[in-house]
Amino acid sequence: MYYFAILDDNKEDQTKVYRFLCDECKKYNLEYTCDIFSKSIEFDMNKEYDAIFLDIDLDKDNGIKFAKDYKIDHETKIIFISNHSNFMHNTFDVQPFHFIYKENLLFEGIHVFHLLLNALLNDDKFLTVTIKADKKNIRLKEIFYIQANDHMIYIHVKQDKKEFQIWDSLSHLIQELSTQGFVQINKSTIINMQYIQSIISKQVILKNKSTLKIGAAYYNNLLNAYKKYLLTKI
């Protein structure tokens, strides 16, 4: 599942972006969701998106400032959209993925989406699991945490708070995922450090509001692993 958002105060432009995004996702048989917003105040700053199509000149707001604030906590590709070409140089501090002129919105939008799709696919890493005899690739970015319970593994993902059940061992999964930003926090739980919101009183709070206990034997290792993880994001 890929997660997109459109933030634009012009309804017609919202529709154009949404149209080419949906058409291209269907063409490549991609699972996706797309949230549409007219004002930044409507936007959930805790929600993680793969890409945001963002109007620079929002009514009573500034798209560049919004992007700076959002990217503090998120690794999201920003595609700026504007009627004004002279705004492009103002976006460099945000390190946007691309820039689209509204006068060529459909033509440039389709081109930029192809570039975006290639970048997302190149960046993506997957956990391949077997579910009811079928192989499934789960995006690592989708996974909040993994828990073992009664010889069954439960993989909790972003998609509608869904979970996948598989037969596997936690030791095998941590061996496979420990170099991919995951860390074990107790005897039965592995978390994706990308989604840590805070570590308080021997508990981890994730960005999906899940609260998970940290085992005493795992606490120092978690802190060290998370510090190293944060350094890779500087």
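Everything below is about the structure printed above this text.
**Q** When you look at the nonpolar core in this model, what are you seeing that I'm missing?
**A** Taken as a class, soluble globular proteins show a tendency for nonpolar side chains to be buried jointly. In terms of nonpolar packing, the biggest core is built from 20 residues, with F4, V17, L21, F53, I79, F113 and L116 touching the most fellow members. Secondary structure elements with two or more residues in this core: β1 (2-7), α1 (11-27), β3 (51-55), β4 (77-82) and α3 (105-123). If you tally residues by element for this core, the top one is α3, at 6 residues. Formed by 19 residues, the second largest nonpolar core is a distinct cluster that contains I52, I56, I64 and F99.

**Q** Help me understand the sheet that holds strand β8 (residues 143-149) in this model?
**A** In sheet architecture, strand pairing relies on hydrogen bonds along the backbone and comes in two forms, parallel and antiparallel. The strand order across the open sheet formed by 5 strands is β10-β9-β8-β12-β11, and the pairing between neighbours is antiparallel. Strands with a single pairing partner mark the edges of an open sheet, and in this sheet they are β10 (163-166) and β11 (182-186). Going across the sheet, the axis of each strand differs from the next one's by a mean of 20°, ignoring polarity. Both β11 and strand β12 (residues 189-192) contribute to a ladder of 4 bridges, which runs antiparallel. In the strand pairing of β12, Q184 is matched with I190. Its contacts with the sheet put helix α4 (residues 170-177) on β8, β9 (152-157), β11 and β12, and the angle it makes with β11 is roughly 145°.

**Q** In this structure, what is going on with the packing of α1 against α3? I would like to understand it.
**A** Pairs of packed helices are described in terms of their axes, by the angle between the two and the distance that separates them. Between α1 and α3, the shortest axis-to-axis distance is 10 Å and the interhelical angle comes to 40°. Considered as vectors, α1 and α3 are oriented oblique to each other. Taken as a pair, α1 and α3 cross one another with a handedness that is right-handed. Listed contacts from α3 to D13, K16, V17, R19, F20, L21, E24 and C25 of α1 are L105, L106, G109, I110, F113 and H114. Looking at the contact of α1 with α3, its residues break down into 8 nonpolar, 2 polar and 4 charged.

Calculation criteria
Residues numbered from 1 in each chain as written. Predicted model: local features only at pLDDT ≥ 70, side-chain atom pairs only at ≥ 80, totals over all residues. Heavy atoms only, no water. Core = buried A, V, L, I, M, F, W, Y, C linked by side-chain atoms within 4.5 Å. Buried < 20%, exposed > 50% of the residue type's maximum accessible area, 1.4 Å probe, protein only. Helix = DSSP H or I, 4+ residues; strand = E, 2+ residues; numbered from the N terminus. Pairing = 2+ DSSP bridges. Axes fitted to C-alpha atoms, helices over the stretch in contact; angles between N-to-C directions. Contact = heavy atoms within 4.5 Å. Parallel < 35°, antiparallel > 145°, perpendicular 65-115°, else oblique. Left-handed = near helix turned anticlockwise from the far one by under 90°. Nonpolar A, V, L, I, M, F, W, Y, C, P; charged D, E, K, R; others polar.

These values are about where atoms sit, not about what they do.
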